[in-house]
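If you want the building blocks of each chain, they are given just below.
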Amino acid sequence: MGNSLKTVFYRNLWGENPVIRQILGICSALAVTNRTVNSLVMGVGLMFVTAFSSLTLSALREHIPDRIRMIVQTLVIAAYVIIVDIFIKANLPEISKALGPYVGLIITNCIIMGRAEAFARKNPPVISFFDGLFAGIGYTVILLGIALIREILGFGTIFGFSINFIDFTKWTIMVVPPGAFFMIAIFIWIASGIQNRRLKKKEAK
Amino acid sequence: MKKGYLYTIVFIAVVSIVFSGVLAAVNAAYKSRIERNVLNAEKASVLYSMGIEADDAVAVFNERVTQKDIEGIYLYSAVNDEGVMVYSIPFEGSGLWGTIRGYISVDQGLSTIKGIAFTEQNETPGLGGRIEEEWYKEQFRGIGIDKPLVYGEDSGIDAITGATSTSNAILQIMNNFIDTTLKELEEADGK
């Protein structure tokens, strides 16, 4: 597969989606998906960090000595995460409070280092930037999907707005972490099912 | 690519210096703003715990609240929206993941809790982090402190579903506050 914008987009959103195909970034996907707002801010933060760390690391790729490349990757990623953290604290203090330690934990998100290792190391800066950005979007879309279902069933709200007009018993399990395990598993199951069916069709032809 | 040791050392040094410089610059640019945010949030928390509604927390705080030092205990006092004289006292205690800080307001007779507000907590977002939600904080308004606080129908205080440890930590912090800080204040006040 080539590296045109379109294939990079398709690959990160579906074919190699970080969460449901590569099973990366599960930690935060379990932690922040009981509220859509938290998932959105987390996703946007991750998009920014993956995009710019991929851009920077790709621009430096000719100069980074191989034996210390992971140290450099971590350093660059950490720098961007701290910038995001400072920015949110200065401009969105309420959300910073709600997310607590999770913004800092973007550093440990495997997706960012995964993109740096798998893509930015071997490709030019601009396409690496978009690869990082699309990986972040792929992550955000899945998180929002999971969060939407968990928030509706668990709290009876969407983006914090009550949907009281439909009366039902709230599913406490959706609020606690096991709910996230079930939801992620169902998402992976569906994605694998569709993908396998496509492969079979291709083989039949 | 394969590079010599010297190049490696120089490279990592340069990269470290450049990125540290960038971070220091960003930090310096936003420092005063973040500090102001924290201070304003602190003032808003004091007002909230007292039961004073304010659109412009800083202005209302400066106008109505006075700071006092009673025998080494720093507290804020003001007349709240119900016309009651209240004390707002900072508290601190351990939650599930880290230190929880905030303000607890009591009436002048030190017999009723008038409200609670949190300024710092690192509880799980969406679970323990829900102690920040209105319904949770509001239920402590007007609770008598003649006996230790407990959750349940009798006391009218609900814990947070899925966040038992954080919920219990809050009650422990509050009971501890009643047993120690308020006792000290009572003694100091009597002098």
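Residues numbered from 1 in each chain as written. Chains lettered and ligands numbered in written order. Predicted model: local features only at pLDDT ≥ 70, side-chain atom pairs only at ≥ 80, totals over all residues. Heavy atoms only, no water.

> Honestly, the overall build of chain B in this entry has me stumped. Any pointers?
For chain B, the count of helices and strands is five helices and six strands. Helices (α) and strands (β) of chain B occur, in sequence order from the N terminus, as α-α-β-β-β-β-β-α-β-α-α. The principal-axis extents of the C-alpha atoms in chain B amount to approximately 75 × 40 × 35 Å. A buried classification covers 44% of the 191 residues belonging to chain B. Within chain B, contacts between residues at least 6 apart in sequence are counted, and of these 48% link residues at least 24 apart. Total accessible area on chain B stands at roughly 10200 Å², and carbon and sulfur atoms take up 53% of it. (Helix = DSSP H or I, 4+ residues; strand = E, 2+ residues; numbered from the N terminus. Buried < 20%, exposed > 50% of the residue type's maximum accessible area, 1.4 Å probe, protein only. Contact = heavy atoms within 4.5 Å. Areas by Shrake-Rupley, 256 points an atom, 1.4 Å probe, with all protein chains shown as cover.)

> When you look at the sheet that holds strand E2 (residues 73–79) of chain B in this model, what are you seeing that I'm missing?
By definition, the strands of a sheet pair up through backbone hydrogen bonds, in either a parallel or an antiparallel sense. All names here are of chain B. Ordered by their spatial adjacency, six strands build an open sheet running E1-E2-E3-E4-E5-E6, and the pairing between neighbours is antiparallel. Two strands in the sheet have a free side with no partner beyond their single neighbour: strand E1 (66–70) and strand E6 (143–144). Sheet analysis places strand E3 (residues 85–94) next to strand E4 (residues 99–107), joined by nine bridges and oriented antiparallel. Residue pairing for E4: Gly93 is matched across the bridge by Ile100. Each of E2, E3, E4 and strand E5 (112–120) touches helix H1 (residues 5–50); the most contacted strand, E5, lies at about 160° to it. Packing of helix H4 (residues 164–179) onto the sheet brings it into contact with E3, E4 and E5, and relative to E3 it is tilted by some 125°. (Pairing = 2+ DSSP bridges. Axes fitted to C-alpha atoms, helices over the stretch in contact; angles between N-to-C directions.)

> It is not clear to me how the side chain of Ser45 of chain B should be interpreted in this structure. Could you clarify?
All names here are of chain B. With respect to the helices and strands, Ser45 occurs in helix H1. On the accessibility criterion, Ser45 (8% relative accessible area) is buried. Among residues more than four places away in sequence, those in contact with Ser45 are Tyr103, Ala117, Phe118 and Thr119.

> Just to check I follow, could you spell out a positive patch on the surface for this structure?
The grouping of Arg197, Arg198, Lys200, Lys201, Lys202 and Lys205 of chain A at the surface amounts to a positive patch. Considering the arrangement of structural elements, one finds Lys201 of chain A in helix H9 (residues 177–204). (Patch = residues over 30% accessible without salt bridge, like charges linked within 9 Å, V, L, I, M, F, W, Y side chains within 5 Å. Salt bridge = Lys/Arg side-chain N within 4 Å of Asp/Glu carboxyl O. Lys, Arg positive; Asp, Glu negative; His and termini not counted. Charge placed at Lys NZ, Arg CZ, Asp CG, Glu CD.)

> When you look at the packing of helix H1 (residues 5–15) of chain A against H9 of chain A in this model, what are you seeing that I'm missing?
How two helices sit against one another is set out by the angle between their axes and by the gap between those axes. All names here are of chain A. For the pair H1 and H9, interaxial distance at closest approach is 12 Å and the crossing angle is 125°. Here H9 runs oblique to H1, going by the angle between their axes. Residues Tyr10, Trp14 and Gly15 of H1 touch H9, and the partners they reach there are Ala191, Ile194, Gln195 and Arg198. Along the lines of polarity and charge, the residues of the contact of H1 with H9 split into four nonpolar, two polar and one charged. (Parallel < 35°, antiparallel > 145°, perpendicular 65-115°, else oblique. Nonpolar A, V, L, I, M, F, W, Y, C, P; charged D, E, K, R; others polar.)

> Please explain a nonpolar patch on the surface as it appears in this structure.
Residue and element names in this part refer to chain A. On the surface, Val37, Leu40, Val44, Leu148, Ile149, Ile158, Phe159 and Phe161 cluster together into a nonpolar patch covering about 640 Å² of accessible area. Among the elements of the structure, helix H3 (36–59) and helix H7 (125–155) are those that each provide at least two residues to the nonpolar patch. When residues in the nonpolar patch are grouped by element, the largest group, three residues, is from H3. By secondary structure assignment, the location of Val44 is in helix H3.

> I keep staring at the confidence of the model for chain A and nothing clicks. Help me out?
For any part of a model where pLDDT is low, the fine detail of the predicted coordinates should not be relied upon. Residues with a pLDDT of 70 or more make up 98% of chain A, whose mean pLDDT is 87. When the elements of chain A are averaged for pLDDT, helix H5 (residues 93–99) of chain A gives the smallest value, 76, and H7 of chain A the largest, 92. (pLDDT = per-residue confidence, 0-100.)

> Sorry if this is basic, but what is going on with the pattern of salt bridges here?
One side chain can pair with another of opposite charge once the charged atoms of both are near each other. Taken as a whole and assessed by the stated rule, the structure comprises eleven salt bridges over all chains. The residue Glu138 of chain B makes a salt bridge to Arg141 of chain B at a minimum N-O spacing of 3.0 Å. Several salt bridges share partner residues, and in doing so they unite Arg35 of chain A together with Arg130 and Glu133 of chain B into one network.

> How should I be thinking about helix H2 (residues 57–64) of chain B in this particular structure?
Within an α-helix, residues lying three or four positions from one another point in the same direction, as the helix has 3.6 residues per turn. Residue and element names in this part refer to chain B. For H2, every residue scored as buried is listed here: Ala57, Val60 and Phe61. All buried residues of H2 fall inside an arc of 100° around its axis, so they share one side. Exposed and facing more than 90 degrees away from the buried side of H2 are Asn62 and Glu63. Where the residues of H2 are buried, they touch H1 and E2. (Arc of directions from axis to C-beta.)

> Please explain the pairing of E4 of chain B as it appears in this structure.
Regular strands have side chains that alternate between both faces of the sheet. Residues and elements named next belong to chain B. In terms of burial, E4 is a largely internal element, seven of the nine residues being buried. Taking the residues between adjacent antiparallel strands as the criterion, E3 and E4 are bridged by four residues. Bridge count for E4 against E5 is six bridges, and the pairing is antiparallel. By the bridge assignment for E5, Ser105 is matched with Gly115. Joining the antiparallel neighbours E4 and E5 is a turn of four residues, in which Leu110 adopts a positive phi near 55°.

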